[in-house]
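Observations on chain architecture
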Amino acid sequence: MHKNYIHYLFILVVCWFAFFVNNSSVYEDIMESRNLVTAHEMIEYDNWLVPTMNGELRLEKPPLPTWVAAGIEYLAPDNISLQRAAAGGMATLMAFFLYFFASSLSGNRLLGLLSALVLATSFNVIMAGRVATWDIYCHSFMLGAIFFFYKGVSSMRTGWGNFIWAGIFLGLSFLGKGPVSFYALLFPFLISYFWVYRPSFKRKGGPIVVMLLLFVVISFWWPLYLYMFHRDTAMFVLAKESTAWIERNVRPWYYYWLFFAESGIWSLFLLTGLCWPWLKNKITLRKEYTLAVLWTVVTLVLLSLFPEKKTRYLLPLLIPAAMVVAHYVVYIFTATKEKTLTTGDRVMFRINAFLPALIALGMPVAVYLLFYTKEQISLTLLIIVSILFLATAYSIFTGGVRMRSMKVFTGVVFLLILVETLLMSKVANIFNNTEIKSIKAVRDIKELQHLPFYYPEKEGLRIELVYKAGRRILPWDIEKDTTILDSLPIVLVSEKPAAEVLPATIQEKVNLHFIDVFDNNNRPKSDKKHYSSKFVRYVTILEKK
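Before going into details, it helps to say that this report is about the structure given with it.

On to the overall build of the chain. In terms of regular secondary structure, the chain is built from 21 helices and 7 strands. The C-alpha radius of gyration of the chain comes to 26 Å, within 12% of the 24 Å expected for a compact globule of 545 residues. Taking the principal axes of the C-alpha coordinates as reference, the chain spans close to 90 × 65 × 45 Å. Looking at the chain as a whole, 51% of its 545 residues are labelled buried.

Here it is, written out as structure tokens:
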């Protein structure tokens, strides 16, 4: 039990650096803005069951993660670090679920620990755990469901408790993002698990029925509520989302061929671990290793068959992939102790180890060129950072030479901790617009606080501006709709000066009180590829003459 607590501590420390340290360094993206605007309007307009985004119904996503965000918004308004910490908490929970699952499946807690740490330090998982988006919720809950389902099925007892928890987590996953994780995580697991283990369900029928009933009740009460009270809108959204899965972001079947890159620094370890024909007779935990490899491959195939593709959709693949990496590292560790390593084993492991060693070795040069020459860090900090990276490179390199797999593994994890701690905020400054003039300032201008905001409908409006303004900015058909003028004064948020946007017939009836022009571009003007006029807005009060 004492070792278990040490393992828990290791996982917590690594997750702290992976998901929480410097998590507010990068500006909010469009997905975060959509989610947080919806959460803010839950608080502002008390629409907890029927979410809206900038005044329009937003029923595409189930509400559970938005409820969490709304609760945080209520307790700590406009705290992006805390909002992202909620996602970090879910990523940490995912790491613990993988630890428990891999340990229970294999009877080897070292394998569980390594699996959890690989998952927590994989690139795609780090990114999902550092932003206020919802994918991490559904997959974390689903992994919990898989763990409890496995415990229930593998137990010699009936296992009511495990199946009850499995049903609860299945329902929470559905309330997190609908059927996404069922297709991308649960289905591949079931295929692989049944293929490898051929489990028996003797005396499990009753608990499984209860599990499914809990899943149905938790999952479908909200869609049923929408169908009863907002039927037309709900059916329209269902049809739109179903079509989008087939027609939006369509990519060829081989789009995910670089899937291994989503594990970041573990990419080469993952590719090596996936060499099943080479390793299947070497690794002692053969069934467990085969399950991890098959689960990874089946997930990749199913995601590749789906027309809509985005790299962030590969997040669930990294769960079994982390187990694959852990199996390979444990094999090298065990074979070294037993002196059964082959020449091929030594060559492949050293190639795996030397790559992160070279990355660590090159970090002082990168820090010097990117930060010190631009006076973003002091000479003292440059020296400290360089020493730490060089020491890490030496540790990984010597671990590779001496075939010390745990030394290499620890060095790679420490390398990522160094980057998160020392460089994350500095790296963000390279891409962020340090001279940004945010529309967030309108919150503090007293004469605007109680006025309704509008934008010219034909211009469109980025949701990031709504998030930053902290209020609804509604569309206005300035050429046809003159009824809004009956409620003057109002605020116009336009892409060009109001005098250039408003028709003469309207300008004859109003006085224009210009407030300011705001530039919410996260990239500087020198970055012509990413700088956009869509983030530049003129704010003007329209008053009666």
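This paragraph deals with the packing of helix H4 (residues 80–106) against helix H5 (residues 109–120). Two elements in contact, H4 and H5, have axes whose closest approach is 7 Å; the angle formed by their N-to-C orientations is 150 degrees. Regarding the angle of H4 to H5, the classification is roughly antiparallel. Crossing angle aside, the handedness with which H4 passes H5 is right-handed. Contacts between H4 and H5 involve Met94, Ala95, Leu98, Tyr99, Ala102, Ser103 and Ser106 on the former and, on the latter, Arg109, Leu111, Gly112, Leu113, Ser115, Ala116, Leu119 and Ala120. Partitioning the contact of H4 with H5 into residue classes produces 10 nonpolar, 4 polar and 1 charged.

What follows deals with the pairing of strand S5 (residues 490–494). Of all 5 residues that make up S5, 5 are buried, and the element is covered over most of its length. Side chains Ile490, Leu492 and Ser494 project from S5 onto one buried face, and the interleaved Val491 and Val493 project onto a second face that is buried too. With 2 bridges connecting them, strand S3 (residues 453–456) and S5 associate as parallel partners. By the bridge assignment for S5, tyrosine 454 is matched with leucine 492.

Here we have 5 strands laid out as an open sheet, ordered S4-S3-S5-S7-S6, and mixed in their pairing. The open sheet is flanked by strand S4 (473–476) and strand S6 (510–519), the only strands paired with a single partner. Across the sheet, the axes of successive neighbouring strands diverge by a mean angle of 30 degrees, strand direction being ignored. In terms of strand pairing, S5 meets strand S7 (residues 536–544) through 5 bridges, oriented antiparallel.

Okay, the nonpolar core next. Formed by 156 residues in total, the largest nonpolar core has its most connected members in Ile11, Phe101, Ile136, Trp266, Trp295 and Val539. Setting aside its immediate chain neighbours within four residues, isoleucine 136 contacts Ala87, Met90, Ala91, Met94, Ala128 and Leu315. Trp476, Leu488, Leu492 and Ala498 belong to the second-largest nonpolar core, a separate cluster that totals 14 residues.

One pair of aromatic rings is described through two measures. These are the centre distance and the angle between the planes. As enumerated under the stated definition, the model contains 44 aromatic pairs in all. For the ring pair phenylalanine 96 and phenylalanine 100, a centre distance of 6.2 Å and an interplane angle of 35 degrees mean the geometry is tilted. Placement of both phenylalanine 96 and phenylalanine 100 in helix H4 is noted, with a separation of 4 residues, approximately one turn of the helix. Grouping aromatic residues by their ring pairs yields a cluster made of Tyr5, Tyr8, Phe96, Phe97, Tyr99, Phe100, Phe141, Phe147, Phe148, Trp165 and Phe169. Taking the ring centre of tryptophan 195 as reference, the NZ or CZ of arginine 198 above it sits at 5.5 Å. The ring of tyrosine 45 has arginine 472 lying over it, and the distance from NZ or CZ to the ring centre is 3.7 Å.

Rules behind the numbers
- Residues numbered from 1 in each chain as written.
- Predicted model: local features only at pLDDT ≥ 70, side-chain atom pairs only at ≥ 80, totals over all residues.
- Heavy atoms only, no water.
- Helix = DSSP H or I, 4+ residues; strand = E, 2+ residues; numbered from the N terminus.
- Rg over C-alpha atoms; globule rule 2.2 N^0.38 Å.
- Buried < 20%, exposed > 50% of the residue type's maximum accessible area, 1.4 Å probe, protein only.
- Axes fitted to C-alpha atoms, helices over the stretch in contact; angles between N-to-C directions.
- Parallel < 35°, antiparallel > 145°, perpendicular 65-115°, else oblique.
- Left-handed = near helix turned anticlockwise from the far one by under 90°.
- Contact = heavy atoms within 4.5 Å.
- Nonpolar A, V, L, I, M, F, W, Y, C, P; charged D, E, K, R; others polar.
- Pairing = 2+ DSSP bridges.
- Core = buried A, V, L, I, M, F, W, Y, C linked by side-chain atoms within 4.5 Å.
- Phe/Tyr/Trp six-rings, centres within 6.5 Å; stacked < 30°, edge-to-face > 60°.
- Lys NZ or Arg CZ within 6 Å of the ring centre and 35° of its normal.

The quantities given are spatial measurements derived from coordinates; they are silent on function.
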